[in-house]
Structures are given as C-alpha cells and as structure tokens.
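So you can see what is in the structure, the chains are spelled out below.
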Amino acid sequence: MAFRLDNVVPWGRTFEEYRQMFMLDEADMQAKILDFGAGPSSFNFQARQKGIEVISLDPIYEFNKQEIKKRIDEASVTVMKQMQDNYDNYLWDKIKNLNELKKLRMSAMELFLSDYENGKKEKRYICYSLPERLMFEDNSFEIGLSSHFLLMYTALGYDFHIKAISEMLRVCKEIRIFPLLDLNSERSDLTDNVIKYFKARCSLKIKETDYEFQKGGNKLLVIKK
Ligand SMILES: C[S@@+](CC[C@H](N)C(=O)[O-])C[C@H]1O[C@@H](n2cnc3c(N)ncnc32)[C@H](O)[C@@H]1O
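Source: prediction; values computed, not measured.

### Quick notes on the sheet that holds strand E7 (residues 219–224)
Overall, mixed pairing links the seven strands, which are arranged E3-E2-E1-E4-E5-E7-E6 in an open sheet. Taken across any chain shown, the strands that pair with only one partner, and hence form the sheet edges, are strand E3 (125–126) and strand E6 (203–208). Relative to E7, strand E5 (residues 172–178) is paired through four bridges, and the arrangement is antiparallel. Residue isoleucine 175 lies in a different strand from E7, and its bridge partner there is isoleucine 223. Running at roughly 135° to E6, helix H6 (residues 189–199) makes contact with E6 and E7 of the sheet.

As structure tokens, this is what we get:
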C-alpha cells in the first residue's frame, strides 16, 4: 500500500530532548547514529552543527519540503487540540504550558524544514520504512534510535516490531527506544512481549531518564547484540 502523508502526524522534537531521552553522553556523540522514524525533528540538523554524524530515516522523506510543511501546519491544529484534551497526562514543569510546547515543536520543525533539501542531497534524510531491509551493511552504525514510534503505535503489531527491531539490530550495534508507553500513555502487553523476545536473544536494559514529559514516560529501552 502506498505511503500517505495525510495518515501521518508529523511532530518533531529537538536535539536537547533527544539528548535527554536517549541519555546521549560524550562518547555517544562520537558515534555514527541512525534515527528511525525521525520525522520532522531537528535532531539531525542540530547534531550536525555539533559535528555529530546522524542519518535520519522516515517514509515522509518521500515528499518535498512544501508538502511536508503543509502537512505539519494541518496536523499541528489537531495535535494541539489533543494535547489540550489530554493535558493531565503530561508533566508541565520543564515545558510550562501549551503555548510554550507549540513554540518548541514548531521551532524544531522549522529548523528541520530549513535543513531538509540540503540534507536530502547529502543523504542525511533518507526515505525508508521499517521493517524493510536497509541498504547499509551489518554493524555500520554504533547506535540506532527510535523516539515516539516503536512500542507507541501498538496497532503495528508484534510481528512488525520483531522484524523492525531485528533489522535495526542488523545495521546498528545497539538500539535505544523511548518511551515505553503506547498512545494512551500506558505500558502495553506488546512492549512486554517484545522485551521478552529480545531478552532471550540479546543484552537488554531498561534505564530511567531525567526526561519525562508524558507522565510515566521516563524509561529507555537499550538493546545490544
Ligand atoms: C511521532 S513521529 C516521531 C518523530 C521523531 N522521532 C520525534 O520524536 O520527534 C513518528 C514518525 O514515525 C514515522 N513512521 C511511520 N511509519 C514508519 C515506518 N514503518 N518506519 C519508520 N518510520 C515510520 C512517521 O512518518 C513519523 O514521522
């Protein structure tokens, strides 16, 4: 089935949020990083400014800058309404209110858009959907990331997750997934089953992060081969 942009809610986080969610330290910042389901986040752009090598992957990179911008503008209205309706599911300490949240997210997505065409030419933004086989060799990257994609969209199912994470682990020596909550801000059976599968085959840790915006969203899953 063709990938449709109107089914996606593009919503992007910043480098600083990625640093906190994924507990990226100085050594990690020397590593080659692959960001799966990177969407319109400004992580790639801001990381590159700091000399960190990141490649971002997402099916929305099939579309051009104007098409993505139009979809961001449409979707932001819906997302902000949902945030208002679910206000109590979030911790409003670091981000103080809905206005501040909107400013933060929109400025991250503007940075992404300003970098997108150049980054596509440099092959830093590559159109790709999990769990397809990637064009990279085994162990080409030190770290693979998934922020607010894997384990969140439980409707994708168990088989999808096993195949997707297995392919991530083929090209990356280690992968990090954040948060361990679904769209209802709950820990799902799917997450527990996926953890069980990889615990039997890999080294697996759950770390507690300082970053917590979605209440209870302060767990980072780290899987190493
Ligand atoms: C909520 S956004 C998260 C964006 C970014 N990681 C962040 O935290 O700011 C989820 C992203 O997953 C992407 N996505 C959807 N299906 C995908 C797939 N099969 N493989 C990889 N990414 C996918 C969407 O296009 C969207 O950009």
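Now that the structure has been shown, the text picks up again.
### A short note on the site of the ligand
By nearness alone, 19 residues border the ligand, and Arg13, Gly37, Asp58, Leu130 and Ser147 come closest of all. In this structure, an oxygen atom belonging to the ligand sits 2.8 Å away from a main-chain N or O atom of arginine 13. In the environment of the ligand, a nitrogen atom lies 2.9 Å from a nitrogen or oxygen atom belonging to the side chain of tyrosine 18. When the ligand sits alone it has 600 Å² of accessible area, and the protein chains cover 91% of it. Looking at side-chain class alone, the shell around the ligand contains ten nonpolar, seven polar and two charged residues.

How each quantity is defined
Residues numbered from 1 in each chain as written. Predicted model: local features only at pLDDT ≥ 70, side-chain atom pairs only at ≥ 80, totals over all residues. Heavy atoms only, no water. Pairing = 2+ DSSP bridges. Helix = DSSP H or I, 4+ residues; strand = E, 2+ residues; numbered from the N terminus. Contact = heavy atoms within 4.5 Å. Axes fitted to C-alpha atoms, helices over the stretch in contact; angles between N-to-C directions. Near = heavy atom within 4 Å. Polar contact = N/O pair within 3.5 Å; in protein donor to acceptor, adjacent residues only side chain to side chain. Areas by Shrake-Rupley, 256 points an atom, 1.4 Å probe, with all protein chains shown as cover. Nonpolar A, V, L, I, M, F, W, Y, C, P; charged D, E, K, R; others polar.

All quantities given are derived from atomic positions and should not be read as evidence of function.
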